[in-house]
Amino acid sequence: MTPVRTTCPYCGEIPVRTTCPYCGEITHLATTEIFLALHDGDGTTGDYSYTCPQCIRTGVHPATRTAVAELLSAGVVPIGRN
Ligand SMILES: [Zn+2]
């Protein structure tokens, strides 16, 4: 999972790269297509999920402290935070 640093010229989003276990690398996932659920506690780690645009399967991956920071800086809004 790596946010790309440049804005997509087609959709205006900052795309995020990740890997689908079925299709391989997904190079264009908009921040609005990623769901970040932070863990309880200090909320610096969590899980993120997305729907693969090619096979429509849902992928869920653990988000490390670094990944959470990257996703937040890319504009992903965390869900389900109590
Ligand atoms: Zn896929």
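Just above, that's the structure.
Below or above, wherever it landed, is the structure these notes cover. (Residues numbered from 1 in each chain as written. Predicted model: local features only at pLDDT ≥ 70, side-chain atom pairs only at ≥ 80, totals over all residues.)

**Description of the overall build of the protein chain**
Then, in step 1: For the protein chain, the helix and strand inventory stands at 1 helix and 7 strands.
Then, in step 2: Counting from the amino terminus, the protein chain carries its helices and strands in the arrangement β-β-β-β-β-β-α-β.
Then, in step 3: Taken over 82 residues, the protein chain has a buried fraction of 21%.
Then, in step 4: Excluding contacts between residues fewer than 6 apart, the proportion of contacts in the protein chain whose partners are at least 24 apart in sequence is 36%. (Helix = DSSP H or I, 4+ residues; strand = E, 2+ residues; numbered from the N terminus. Buried ≥ 20, exposed ≤ 12 C-beta atoms within 10 Å, placed from the backbone. Contact = placed C-beta atoms within 7 Å.)

**Points about the nonpolar core**
Then, in step 1: Counting 13 residues, the largest nonpolar core has Leu29, Ile34, Leu36, Tyr48, Ala63, Val68 and Leu71 as its most contacted members.
Then, in step 2: When residues of this core are traced back to their parent elements, those giving at least two are β3 (24-29), β4 (34-38), β5 (46-51) and α1 (65-74).
Then, in step 3: Beyond its immediate stretch of four places on either side in the chain, Leu29 contacts Pro15, Val16, Thr18, Ile34 and Tyr50. (Core = buried A, V, L, I, M, F, W, Y, C linked by C-beta atoms within 7 Å.)

**Concerning the pairing of β3**
Then, in step 1: As judged from the 4 bridges shared by strand β2 (residues 16-20) and β3, these two strands associate in the antiparallel manner. When the sheet's bridge partners are listed, Cys20 is paired in β3 with Gly24.
Then, in step 2: What sits between β2 and β3 in their antiparallel hairpin is a turn of 3 residues. (Pairing = 2+ DSSP bridges.)

**Details of α1**
Then, in step 1: Considered for burial, the residues of α1 that qualify are Ala67, Val68 and Leu71. One face of α1 carries all of its buried residues, which in axial projection span an arc of 100 degrees. Across from the buried face of α1, at angles greater than 90 degrees, the exposed residues are Arg65, Thr66, Ala69 and Ser73.
Then, in step 2: In this fold, the buried residues of α1 make contact with β4, β5 and β6 (58-63).
Then, in step 3: One or two positions beyond α1, positive phi appears at Gly75, with a value near 110 degrees. (Arc of directions from axis to C-beta.)

**Notes on the sheet that holds β6**
Then, in step 1: Across the sheet, which stays open at both edges, the 4 strands sit in the order β6-β5-β4-β7 with mixed pairing between neighbours. Every interior strand has two partners, whereas the edge strands, β6 and β7 (78-79), have only one.
Then, in step 2: Here β4 runs beside β5; their pairing, made up of 5 bridges, is antiparallel. Among the inter-strand pairings, Leu38 is bridged to a residue of β5, identified as Gly46.

**Structural notes on the pairing of β5**
Then, in step 1: The two faces of β5 differ: Gly46, Tyr48 and Tyr50 on one face are buried, but Asp47, Ser49 and Thr51 on the other face are not.
Then, in step 2: Where β5 meets β6, 6 bridges bridge the pair, whose relative direction is antiparallel. The partner of Tyr48 across the bridge, within β6, is His61.
Then, in step 3: Once β5 ends, the chain turns through 6 residues before running back antiparallel as β6, passing Ile56 with a positive phi of about 60 degrees.

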